[in-house]
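The primary structure of each chain is shown beneath.
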Amino acid sequence: MTALPQLGTPQLASPDLLRSTFRRHAAGVAVITARGAAGPVGFTATSLTSVSAEPPMISFGIGTGASSWPAIAEAGHIGVHVLGEHQGELAATFARSGADRFGAPTVWHDGPEGVPVLDDVLAWLVCRVVARVPAGDHRIVLGEVVLGDPTGGGRPLLYHQGRFTALRD
C-alpha cells in the first residue's frame, strides 16, 4: 500500500489563505499605465493574462482602493508593459505607495492614444479598455490590443514568495 503524502491542516477561506497560496505561484510582472486627469499613473501587476487571440485581448486586476484606480476607471486606453529581469527596482517603484513613479530614474514617453509608455521593457501594448468587471474589492479590466512592440531583449521578471526574482535554468 502506498502512503499518502502528508498534508497540512485545511484552512477556511480568508484573505490570508489566498495571499499564502499565491505567494507560492510564480507570476510574470507587468506595469499598467494610463493618462489621468492629473498626469500619468501606473502600478505593478502580477495578474496580467492573455484572454483572447481574436480579437487580441488581455485582462488584469486592480484594487478599487489603489491610487491608480480612479484614472484606470476613466481611461479609454491603457499601457501594458512586460518587465525584464533587470527591472526589479522599476517594479518596486510602481508597487510602492506614494512613490514618484514617473520621476527619474523611470524613463518613459507619451505613446499612442496619450498612454505613458515605459522604455527598455521586454514588450509593451496599448489597449482600448472594453470592460471593467466587478470582482470583490477589485475590478477585472479587459483591454483590446490596439498596437504594441514585443521586441525588447532579455528574460522576464517574476514575482514569487513576496519578492521580484528571475528565471533560473
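Now for a description of the structure that goes with this document.

The next point concerns the nonpolar core. Within the largest apolar cluster, 17 residues are counted, with the highest numbers of intra-cluster contacts made by Ile 32, Phe 43, Phe 60, Ile 62, Ile 72, Ile 78 and Val 141. Contacts of Val 141, omitting those with residues within four sequence positions, involve Ile 58, Ser 59, Phe 60, Ile 62, Trp 69, Ile 72, Val 129, Ala 131 and Arg 132. With 14 residues, the next largest nonpolar core counts Val 31, Phe 102, Val 117 and Val 126 among its residues.

Next up on the list: the pattern of salt bridges. In total, this model carries 5 salt bridges according to the counting rule given. A salt bridge links Arg 128 to Glu 144; its shortest N-O distance comes to 2.7 Å. Taken together, the residues span a long stretch of sequence, with Arg 128 in strand β9 (residues 123-135) and Glu 144 in strand β10 (residues 138-149) at a distance of 16 residues. Given a relative accessible area of 38%, Arg 128 falls into the partly exposed group. Note on Glu 144: relative accessible area 23%, which makes it partly exposed.

What counts, and where the lines are drawn
Residues numbered from 1 in each chain as written. Predicted model: local features only at pLDDT ≥ 70, side-chain atom pairs only at ≥ 80, totals over all residues. Heavy atoms only, no water. Core = buried A, V, L, I, M, F, W, Y, C linked by side-chain atoms within 4.5 Å. Buried < 20%, exposed > 50% of the residue type's maximum accessible area, 1.4 Å probe, protein only. Contact = heavy atoms within 4.5 Å. Salt bridge = Lys/Arg side-chain N within 4 Å of Asp/Glu carboxyl O. Helix = DSSP H or I, 4+ residues; strand = E, 2+ residues; numbered from the N terminus.

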